[in-house]
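These are the residues of each chain, in order.
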Amino acid sequence: MTIFAVTAPLPGRAPEMLAAAGDVRDAPGAGRLERAQLLALVEGVDVALTMLSVRVDDEFLDAAGTNLRGVCNVAVGFDNVDLAACARRGVVVTNTPGVLDDATADLAFALILAARRRLGEAERLVRAGKPWEWGMGFMVGHDLRGGRLGIVGLGGIGARVAARGLGFGMEIAYYGRRESPRAAELEATRLDLDELLATSDVVSLHTPLTPETRHLIGARELGLMKPTATLVNTARGAVVDEAALVEALREGQIAGAGLDVFEHEPDVHPGLFGLENVVLVPHIGSATVETRATMAELAARNAIAIARGEVPETPVPLPAVD
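Residues numbered from 1 in each chain as written. Predicted model: local features only at pLDDT ≥ 70, side-chain atom pairs only at ≥ 80, totals over all residues. Heavy atoms only, no water.

**Points about the packing of helix α1 (residues 14-21) against helix α11 (residues 289-307)**
Then, number 1: Running from N to C, α1 and α11 cross one another at 15 degrees; their axes reach a closest spacing of 8 Å. Considering their axes alone, α1 and α11 lie roughly parallel with respect to each other. Handedness of the crossing formed by α1 with α11: right-handed. Packed against α1, whose contacting residues are A14, M17, L18 and A21, the element α11 presents A296, E297, A300, R301, A303 and I304 at the interface.
Then, number 2: When its residues are assigned to classes, the contact of α1 with α11 shows eight nonpolar, no polar and two charged. (Axes fitted to C-alpha atoms, helices over the stretch in contact; angles between N-to-C directions. Helix = DSSP H or I, 4+ residues; strand = E, 2+ residues; numbered from the N terminus. Parallel < 35°, antiparallel > 145°, perpendicular 65-115°, else oblique. Left-handed = near helix turned anticlockwise from the far one by under 90°. Contact = heavy atoms within 4.5 Å. Nonpolar A, V, L, I, M, F, W, Y, C, P; charged D, E, K, R; others polar.)

Here's what the structure looks like:
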């Protein structure tokens, strides 16, 4: 009988799908597992369904043992998984791309609107019960229409953010290592990163975290941006040098930022808390009832396929083994 390990409760039909295909070993409780609990949970299982908070490395794989055939990440990203270690052991890795693109794009655009129109700052003022009066200079932000939206990574999520930008009357530019097949329909101009940063009114990050993209946006890059520009990150926190961002926001090098992800989650750079010109939300890009259920069900289908010796729907390419 196949044994599935599930490292956090899954929504939707995923639990019953897995139960119909084998034995399910659920994580105790709904909170984050201690490392020792996690290693005990995966011991001897055939397939593990993992969250972004779970580090899948040699220790994890050793604890699981030789029965392990698959690691199914319930996320589009997989920077928590050591792909080389999985490849050496013949362990298949899957993720959940595509199904969360619209939800994450909605959240990214919500951050754009909130940062450009100072919604967080305005709400805090009202909630604090402070006196205020309408005036021509009161809580003035920036228009979106007529501005340039610079997308770093015109993939599934980035393209959907760009489409929303078009709907708001924005000009679209993007940076990517290669031409995007989506560029023509989005009327998007490809620029090098420096030019995109220097000419965009909003820069939205949609690149995976790799050794090449870690701190892709640092002090130099922030210094290229317009003092009226906004940076939005719904990709991975470490794509941005958080300390450099704090300094840029504090010194007015850029007008504002909207962050759904952080460099050392769940910890947030303490310098961000005292700044009015940044909107902070806790990694909720895919957090809709419908999207989370769809993600879980895709991960379950992947896990069941691996257990049956079939090719899963959304495998992650693994590096070659020497």
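That covers the picture; the talk isn't over yet.
**Describing the packing of helix α5 (residues 101-116) against helix α7 (residues 156-167)**
In helix packing, the relevant descriptors are the interaxial angle and the interaxial distance, both defined with respect to the helix axes.
Then, number 1: Viewed as axis vectors pointing N to C, α5 and α7 meet at an angle of 50 degrees, and their least axial separation amounts to 8 Å. Here α7 runs oblique to α5, going by the angle between their axes. Considering only the axes of α5 and α7, their crossing is right-handed. Facing D101, D102, T104, A105, D106, A108, F109 and I112 of α5, the residues of α7 in contact are G156, I157, R160, V161, R164 and G165.
Then, number 2: Grouping the amino acids of the contact of α5 with α7 by side-chain chemistry returns six nonpolar, three polar and five charged.

**Notes on the environment of I284**
Then, number 1: Examined against the element boundaries, I284 turns out to sit in the loop between β12 (278-280) and α11.
Then, number 2: Assessed through its relative accessible area of 33%, I284 is described here as partly exposed.
Then, number 3: Between the C-alpha atoms of I284 and T234, which are 50 residues apart in sequence, the distance is 8.9 Å.
Then, number 4: Setting aside residues no more than four positions away along its own chain, I284 makes contact with L107 and D260. (Buried < 20%, exposed > 50% of the residue type's maximum accessible area, 1.4 Å probe, protein only.)

**What about the packing of aromatic side chains?**
Then, number 1: Counted according to the given criterion, the structure contains two aromatic pairs.
Then, number 2: Note on F109 and F168: the rings are 4.8 Å apart at their centroids and 35 degrees apart in plane angle, and the pair reads as tilted. One end of the pair, F109, is in helix α5; the other, F168, is in the loop between α7 and β7 (171-175), with 59 residues separating them in the sequence.
Then, number 3: On the basis of relative accessibility, which here comes to 4%, the residue F109 falls in the buried class.
Then, number 4: By relative accessible area, which is 37% here, F168 ends up partly exposed.
Then, number 5: An angle of 0 degrees between the planes, with centres 5.9 Å apart, marks the rings of W132 and F138 as stacked.
Then, number 6: Residue classification places F138 among the partly exposed residues on the basis of a relative accessible area of 32%. (Phe/Tyr/Trp six-rings, centres within 6.5 Å; stacked < 30°, edge-to-face > 60°.)

**Regarding the sheet that holds β7**
Then, number 1: Strand order across the open sheet formed by seven strands is β8-β7-β6-β9-β10-β11-β12, with parallel pairing between neighbours. Taken across any chain shown, the strands that pair with only one partner, and hence form the sheet edges, are β8 (188-190) and β12. For this sheet, the mean angle separating the axes of adjacent strands, direction not counted, is 20 degrees.
Then, number 2: Running over the sheet, α7 touches β6 (148-152), β7 and β9 (202-205) and is turned about 175 degrees from β6. (Pairing = 2+ DSSP bridges.)

**Topic: the sheet that holds strand β2 (residues 23-26)**
Then, number 1: Strand order in the open sheet formed by five strands is β2-β1-β3-β4-β5, with parallel pairing between adjacent strands. Strands at the two margins of the open sheet, each flanked by one partner only, are β2 and β5 (92-94). Direction aside, neighbouring strands of the sheet carry axes that sit 15 degrees apart on average.
Then, number 2: Direction of pairing for strand β4 (residues 70-73) relative to β5: parallel, over a ladder of three bridges.

**Describing helix α2 (residues 35-42)**
Then, number 1: Residues of α2 that are buried: L38, L39, L41 and V42. Seen end-on, α2 carries its buried residues on one side only, within an arc spanning 160 degrees.
Then, number 2: Immediately beyond the C-terminal end of α2, within one or two residues, lies G44, with a positive phi of roughly 75 degrees. (Arc of directions from axis to C-beta.)

**A look at the pattern of salt bridges**
Pairs can form between side chains of opposite charge once their charged atoms are near each other.
Then, number 1: All chains considered together, the criterion is met by 23 salt bridges.
Then, number 2: R250 serves as the salt-bridge partner of E247, at 3.6 Å between the closest nitrogen and oxygen. Residue E247 and its partner R250 are located together in helix α10 (residues 242-251), separated by three residues, close to a single helical turn.
Then, number 3: Bridged by salt links that share partners, the residues D101, D102, D106, R160 and R164 form one connected network. (Salt bridge = Lys/Arg side-chain N within 4 Å of Asp/Glu carboxyl O.)

**Topic: the nonpolar core**
One recurring pattern in soluble globular proteins: nonpolar side chains tend to sit buried together.
Then, number 1: Counting 47 residues, the largest nonpolar core has L10, L18, L49, L149, L154 and V161 as its most contacted members.
Then, number 2: Elements that contribute at least two residues to this core include exactly β1 (3-6), α1, β3 (47-50), α5, β6, α7, β7 and α11.
Then, number 3: Among all residues touching L10, those that are not within four sequence positions of it are P15, L18, L49, M51, V74 and A296. (Core = buried A, V, L, I, M, F, W, Y, C linked by side-chain atoms within 4.5 Å.)

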